[in-house]
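# Analysis of the macromolecular model
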Amino acid sequence: KAEILELIDELRGRYSEEQTFPLLEYVRERYPDRVAEIERDPFSWVLKRTSYIVGYERLKLLTLLAVVTSRLRRVKGMSRLHFLLVGQSGAGKSSTVKAVLDFLGGDVFIDGTRLSQNSLGYVPIDSFDGKVLFIDQIDNMNLNYVREAMTEDRICTLVTTKKTDSEGNERFVTDRICIEGQPVVVSTSVIDKIDVEREQLFNRFLKVYVDPRTVETETVVEAIMDRRPVEISTVDRLAFLAWLYSRPSEVNVSPEVVEKVREFVTKLSELTREPVTRVTEVIRNLVVAVAVARGKTVADKSDLEFVLDSFELDILFNGLGLTERDVEFL
């Protein structure tokens, strides 16, 4: 028995050494067809693999574009596309978003659910850049932390831990811990109630109103009754990450797009007292994200057309400062 165990240890040491490969190189060599498929049309690729969530295609596309902005180099203002889904409980907001975020895995996707002073102190990352932070609900406990991440490009918190000195004595020590960077922030809300304290934060989100009545009842019932365990294949996740990591980190906007956006925002400003700065940043980030998803370094007219075809109403609702009740009435 001892000889066999010794031989096993020897063989294990000889043949079980870890090998590491660059992700892009590994995936392109092993699964070139999968990579080619997602690069050809990333939007169709994601919709096809999240079809078990019925409807809400625009929310899936929005989530994909938000993820893409996590790869962009930070600039002054809002570098990322942050969005807040508003709608009644059970409308499928979280399920739809997570269907796309699940392709990221734990290295990129942080399922925060709730942020607190202590939990922030133990997030095992060096930077929020390149990360997507999902928060189930924004409440008074995490309000300031989320605002800090979106406006200050960092989150700082105080964490109290018990430490033992050289003589064996225990004492509690409070340390200030800061995590730099700006994550993509995605959140959900049951009601669209904005008070003075939250307004500074909420106007940095693209608010998207989710109406479950837009999905046919028969289709929903059939999908729920036929619900089965869903498991993302390792190959699909690797292909998605390889595609994401190969996206350009900087994109310019063509003069033609700048002019079209200027016309759009000018008309919008005549109809509202809302500042046009935020809605312009949202349009810019959406257009840039579409271009990046397509692997381009210059956003052109076709990228703007995609944005307006998919999200024009969402942009208008935000630019006009409409509430969920206004949208429902319209």
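Residues numbered from 1 in each chain as written. Predicted model: local features only at pLDDT ≥ 70, side-chain atom pairs only at ≥ 80, totals over all residues. Heavy atoms only, no water.

## Brief notes about the overall build of the protein
Within the protein one finds 15 helices and 9 strands. Classification of the 330 residues of the protein by burial places 43% in the buried group. Carbon and sulfur atoms make up 49% of the accessible area of the protein, which amounts to about 18,700 Å² in all. (Helix = DSSP H or I, 4+ residues; strand = E, 2+ residues; numbered from the N terminus. Buried < 20%, exposed > 50% of the residue type's maximum accessible area, 1.4 Å probe, protein only. Areas by Shrake-Rupley, 256 points an atom, 1.4 Å probe, with all protein chains shown as cover.)

## A word on the pairing of strand β6 (residues 184-189)
For β6, the buried fraction is high: 6 of the 6 residues fall into the buried class. Residues of β6 alternate between two faces, with Val 184, Val 186 and Thr 188 on one and Val 185, Ser 187 and Ser 189 on the opposite face, all of them buried. Two elements, strand β1 (residues 83-86) and β6, share 4 bridges in a ladder whose sense is parallel. Bridge assignment links Val 86 to a residue of β6, and that residue is Ser 189. (Pairing = 2+ DSSP bridges.)

## So, the nonpolar core
Core analysis: the biggest nonpolar cluster contains 61 residues, and Leu 104, Phe 240, Ile 283 and Leu 286 have the highest contact counts within it. With 11 residues, helix α13 (residues 276-293) is the largest single contributor of residues to this core. If near-sequence neighbours (up to four positions away) are discounted, Leu 286 is found in contact with Leu 62, Leu 65, Leu 81, Val 307, Phe 311 and Ile 315. Judged by nonpolar contacts, the second largest core, of 19 residues, contains Leu 133, Val 146, Ala 149 and Met 150. (Core = buried A, V, L, I, M, F, W, Y, C linked by side-chain atoms within 4.5 Å. Contact = heavy atoms within 4.5 Å.)

## Notes on the packing of aromatic side chains
According to the stated counting rule, one finds 6 aromatic pairs in the structure shown. The structure contains a cluster of three or more aromatic residues connected by ring pairs, namely Trp 45, Phe 103, Phe 240 and Trp 243. (Phe/Tyr/Trp six-rings, centres within 6.5 Å; stacked < 30°, edge-to-face > 60°.)

## Digging into a nonpolar patch on the surface
Taken together, the side chains of Ile 4, Leu 5 and Ile 8 present a nonpolar region at the surface, about 270 Å² in accessible area. Looking at the element boundaries, Ile 4 is found in helix α1 (residues 2-15). (Patch = residues over 30% accessible without salt bridge, like charges linked within 9 Å, V, L, I, M, F, W, Y side chains within 5 Å. Salt bridge = Lys/Arg side-chain N within 4 Å of Asp/Glu carboxyl O.)

## Some details on a negative patch on the surface
Among the surface-exposed residues, Glu 256, Glu 305, Asp 309 and Glu 312 lie close enough to one another that they form a single negatively charged patch. Considering each element in turn, the negative patch owes the most residues, 3 residues, to helix α14 (residues 301-319). Inspection of the secondary structure assignment puts Glu 305 in helix α14. On the basis of relative accessible area, Glu 305 is assigned to the partly exposed category, the value being 40%. (Lys, Arg positive; Asp, Glu negative; His and termini not counted. Charge placed at Lys NZ, Arg CZ, Asp CG, Glu CD.)

## Re unusual backbone geometry
With glycine set apart, most residues show a phi of negative sign, and most peptide bonds adopt trans. With a phi close to 60°, Tyr 56 is a non-glycine residue in the positive phi region. Mapped onto the elements, Tyr 56 comes out in the loop between α4 (42-49) and α5 (57-69). What makes Tyr 56 buried here is its relative accessible area of 12%.

## Some points on the pattern of salt bridges
Evaluation of the coordinates by the stated rule reveals 16 salt bridges. The partner of Glu 37 in a salt bridge is Lys 48, and the shortest N-O contact between them spans 4.0 Å. Of this pair, Glu 37 sits in helix α3 (residues 32-40) while Lys 48 sits in helix α4, placing them 11 residues apart in sequence. Looking at Lys 48, the relative accessible area reads 57%, which means it is exposed. A salt bridge links Arg 294 to Asp 303, with the nearest nitrogen and oxygen atoms 2.7 Å apart. Here the salt bridges do not stand alone but share partners, grouping Arg 34, Glu 37, Lys 48, Arg 49 and Asp 236 into one network.

## A look at the side chain of Asp 314
Of note, Asp 314 is situated in helix α14. A polar atom in the side chain of Asp 314 sits 2.9 Å from the side chain of Arg 58. (Polar contact = N/O pair within 3.5 Å; in protein donor to acceptor, adjacent residues only side chain to side chain.)

## Overview of the environment of Asp 33
Mapping Asp 33 onto the fold places it in helix α3. Assessed through its relative accessible area of 66%, Asp 33 is described here as exposed. Linking Asp 33 and Ala 239, residues 206 residues apart in sequence, is a C-alpha distance of 9.5 Å.

## Concerning the environment of Glu 216
Positionally, Glu 216 belongs in the loop between β7 (206-209) and α10 (217-225). Given the relative accessible area of 57%, Glu 216 is considered exposed. Separated by 162 residues in the primary sequence, Glu 216 and Val 54 place their C-alpha atoms 9.2 Å from one another.

## Concerning the packing of α13 against α14
In the contact formed by α13 and α14, the axes pass within 10 Å of each other and the chain directions differ by 155°. Our classification of the angle between α13 and α14 gives roughly antiparallel. Two packed elements cross with a definite hand, and for α13 against α14 that hand is right-handed. The segment α13 lies against α14, with Val 279, Ile 283, Leu 286, Val 287, Val 290 and Ala 291 engaging Asp 303, Leu 304, Phe 306, Val 307, Phe 311, Ile 315 and Gly 319. A per-class count over the contact of α13 with α14 returns 11 nonpolar, 1 polar and 1 charged. (Axes fitted to C-alpha atoms, helices over the stretch in contact; angles between N-to-C directions. Parallel < 35°, antiparallel > 145°, perpendicular 65-115°, else oblique. Left-handed = near helix turned anticlockwise from the far one by under 90°. Nonpolar A, V, L, I, M, F, W, Y, C, P; charged D, E, K, R; others polar.)

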